[in-house]
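# Descriptive analysis of the structure
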Amino acid sequence: MQCPDCSSTDISKNGRQRGKQNYLCKACRRQFIETYDPPSGYSEAFKQECLKLYLNGMGFRAIERAKGVHHTTAITWVKQTGQLLPDAYEPDVTPEVGELDELETFVGSKKTKSGSGQW
Ligand SMILES: [Zn+2]
């Protein structure tokens, strides 16, 4: 645990706020809350894979199930990366052209099916 201001490690606990541990820096008297620090054992490539899943519209719980990474960790990565690359993390990601074609084919076949299903 380090003070975000002066990087001092001379920190004392200062009660809880909204369920989060509150800390007080003894050096500069700054108060701050505990921040989640994702485990550092993951490789950059693994991180990118999880971020890609997120960009493809996968939920954090789904990423947790698929990749075995805790959803809090995944959320933190997205936030960290989002701060670095705000443009790349717009919620409305334009689908690739190939995906669009697939979608149209799907809609088309669905129409045909429901049409022939009517008596
Ligand atoms: Zn401090």
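Let me begin by describing the structure that accompanies this report. Everything quoted here is computed from the prediction, not taken from an experiment. (Residues numbered from 1 in each chain as written. Predicted model: local features only at pLDDT ≥ 70, side-chain atom pairs only at ≥ 80, totals over all residues. Heavy atoms only, no water.)

## Some words on the overall build of the chain
Per the secondary structure count, the chain includes four helices and three strands. Looking at the chain as a whole, 22% of its 119 residues qualify as buried. Intrachain contacts of the chain at a sequence separation of at least 6 include 30% that bridge at least 24 residues. Of the accessible surface of the chain, which amounts to about 9300 Å², a share of 51% is contributed by carbon and sulfur atoms. (Helix = DSSP H or I, 4+ residues; strand = E, 2+ residues; numbered from the N terminus. Buried < 20%, exposed > 50% of the residue type's maximum accessible area, 1.4 Å probe, protein only. Contact = heavy atoms within 4.5 Å. Areas by Shrake-Rupley, 256 points an atom, 1.4 Å probe, with all protein chains shown as cover.)

## A word on the nonpolar core
The biggest cluster of nonpolar side chains holds eight residues, and these are F46, C50, L51, I63, V69, A74, W77 and V78. Going through the elements one at a time, α1 (44-55) and α3 (71-84) are the ones with two or more residues in this core. When neighbours within four sequence positions are excluded, V78 is seen to be in contact with L51, Y54 and F60. (Core = buried A, V, L, I, M, F, W, Y, C linked by side-chain atoms within 4.5 Å.)

## Let's talk about the coordination of the zinc ion
At 2.2 to 2.4 Å from the zinc ion lie its protein donor atoms, namely C3 (SG), C6 (SG), C25 (SG) and C28 (SG). Given four donor atoms and angles of 106 to 119° at the metal, the environment of the zinc ion is assigned as tetrahedral. The sequence motif formed by the donor residues of the zinc ion is C-x2-C-x18-C-x2-C. Of the two residues, C6 sits in the segment before β1 (11-17) while C28 sits in the loop between β2 (20-25) and β3 (31-33), which places them 22 residues apart along the sequence. On the basis of relative accessible area, C28 is assigned to the partly exposed category, the value being 35%. (Donors = N, O, S within 2.8 Å, 3.2 Å for Na, K, Ca; no water. Tetrahedral: all angles 85-135°; square planar, octahedral: opposite > 155°, others 65-115°.)

## Describing α1
For α1, with twelve residues, the first-to-last C-alpha span of 16 Å sits near the 16 Å given by 1.5 Å per residue. Within α1 the residues assigned to the buried category are F46, K47, C50 and L51. Buried residues along α1 cover an arc of 140° about the axis, so they all sit on one side. (Expected span 1.5 Å × (residues − 1). Arc of directions from axis to C-beta.)

## As for unusual backbone geometry
Here the phi dihedral of S7 falls at roughly 65°; this positive angle occurs in a residue that is not glycine. Inspection of the secondary structure assignment puts S7 in the segment before β1. Take S7: its relative accessible area is 43%, and that puts it in the partly exposed class. The phi torsion at R29 lies on the positive side, around 70°, for a residue other than glycine.

Keep in mind these values describe shape, not function.
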